[in-house]
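An overview of the molecular structure
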Amino acid sequence: MKKGRGRTSRIRRRKLFRSSESRGVNESYKPEFIELKKWLKERKFEDMNLTPARFPGTGRGLMSKISLQPPLSPLLALCTFLVAEKHAGDRSVWKPYLEVLPKAYTCPVCLEPEVVDLLPKPLKAKAREQRTRLQAFFTSSRDFFSSLRPLFSEAVESIFSYSAFLWAWCTVNTRAVYMKPRRRRCFSAEPDTYALAPYLDLLNHSPDVQVQAGFNEETRCYEIRTVSSCRKHEEVFICYGPHDNQRLLLEYGFVSIHNPHACVYVSKDILVKYLPSTDKQMKKKISILKDHDFIENLTFGWDGPSWRLLTALKLLCLEAEEFTCWKKVLLGEIISDTNEKTSLDIAQKICCYFIEETNAMLQKVSRMKAEEIALINQLTLVETLWTEELKILQASAGILNNLQTAFT
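Notes on the structure follow.

Analysis parameters
- Residues numbered from 1 in each chain as written.
- Predicted model: local features only at pLDDT ≥ 70, side-chain atom pairs only at ≥ 80, totals over all residues.
- Heavy atoms only, no water.
- Pairing = 2+ DSSP bridges.
- Helix = DSSP H or I, 4+ residues; strand = E, 2+ residues; numbered from the N terminus.
- Salt bridge = Lys/Arg side-chain N within 4 Å of Asp/Glu carboxyl O.
- Buried < 20%, exposed > 50% of the residue type's maximum accessible area, 1.4 Å probe, protein only.
- Phe/Tyr/Trp six-rings, centres within 6.5 Å; stacked < 30°, edge-to-face > 60°.
- Lys NZ or Arg CZ within 6 Å of the ring centre and 35° of its normal.

Pairing analysis gives six bridges linking strand β6 (residues 211-216) to strand β7 (residues 221-226), with the strands arranged antiparallel. Across the sheet, Gly-214 pairs through a bridge with Glu-223, a residue of β7. Here β6 hands over to β7 after four residues, with Arg-220 in that stretch at a positive phi of 60°.

Moving on: the pattern of salt bridges. For the structure shown, the criterion picks out eight salt bridges. Measuring nitrogen to oxygen at the nearest pair gives 2.5 Å for the salt bridge that ties Glu-157 to Arg-149. The class of Arg-149 is partly exposed, set by a relative accessible area of 44%. Between Glu-340 and Lys-314 there is a salt bridge whose closest N-O contact spans 3.2 Å. Of this pair, Glu-340 sits in helix α14 (residues 337-371) while Lys-314 is found in helix α12 (residues 307-316), placing the two residues 26 residues apart along the sequence. Each member of the pair Glu-340 and Lys-314 is classed as buried.

This paragraph deals with the packing of aromatic side chains. Within this structure, the stated rule accounts for 16 aromatic pairs. Judged by centre distance (6.4 Å) and plane angle (70°), the rings of Trp-94 and Tyr-97 are edge-to-face. Here Trp-94 falls in the partly exposed class, since its relative accessible area comes to 30%. On the basis of relative accessible area, Tyr-97 is assigned to the buried category, the value being 1%. With a centroid separation of 6.2 Å and an interplanar angle of 45°, the aromatic rings of Phe-138 and Phe-145 are classed as tilted. In this structure, Phe-138 and Phe-145 share a single accessibility class: buried. An aromatic cluster of at least three residues, connected via ring pairs, comprises Phe-137, Phe-138, Phe-144, Phe-145, Phe-152, Phe-160, Tyr-162 and Phe-165. A cation over an aromatic ring shows up here: Arg-308 above the ring of Phe-294, its NZ or CZ 5.0 Å from the ring centre.

Written out as structure tokens, the structure is:
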């Protein structure tokens, strides 16, 4: 089951299951879930082994035929469908499903600008790019929305507002599954097609569970099969993929505590921050790193600086007489003890810089929480992200300290 992914920015997910330590509070008695189950049963959804429940620390919880030129994208079709059905209210056949969907989302595109400004720089840049793309997507869709005027008594501009469209887009982006497309003339060709899977999208994410998921062509059902055992009354999870916390927040609007895939990204500017400005070969070194794809995805993780980060630093720390050995560095060979020690020292300085910056951001967020009560939920989310990154940096600093000891 997907919780949102674009063709180029998202990877297809293999969803995975597990049980948790704590029991949840059964919510199947709630009117919205009673109606949802009745509605699903009417639509031949027979498997009722899963029960809606709220667990500690977890969230959530046809249009008339129109000739379209050019063909509609599946994403726009789903967004349009959701807005139209939500507008229909009690008249919508899909009301039981719509009633259990979140009323609002916490993806960065929904956050206030002053909150987005508090995000780590790499995530902040991606969040702003995502918002720009979404606004452009909405603007480019207005002609299509206008073509729907005969279907509504109200003005389509008020029905298909940006806020309504944003809600629908977040619903699809965070909850949809991917399916192999069946070519239809009304839709544009896509390698994968978005589809909403009512009830299945109640499942929460855990980074260390295992299931197999996909659409079964024989049974014509979307199936999720657990690889590990699940005990009665314990929460069942899926995994959206091996995503770090910045990716999870960008695409799904949450942060995973103790996420084994979480990391802190090092930009090019920070990479060279503590290197000597007098190095005449620095531009050439940076060029080599770019040419060999060693300038992006340099990170600190729970197990210390990544191999890519240390390799980039080793190349940047080469002395003039060692520079001809740069290919050996990229292959993982040790050039000299001096090069090893210098690169570790620089890595430690970068790590300490990030720790200071992270502590400063946490203090800033804390002050804003006291002053901006209306934004406290958004600020708490950002605070959680920074807190997790601080834990990673502290773990990396300890590992680097041990590595440096070997050279003293």
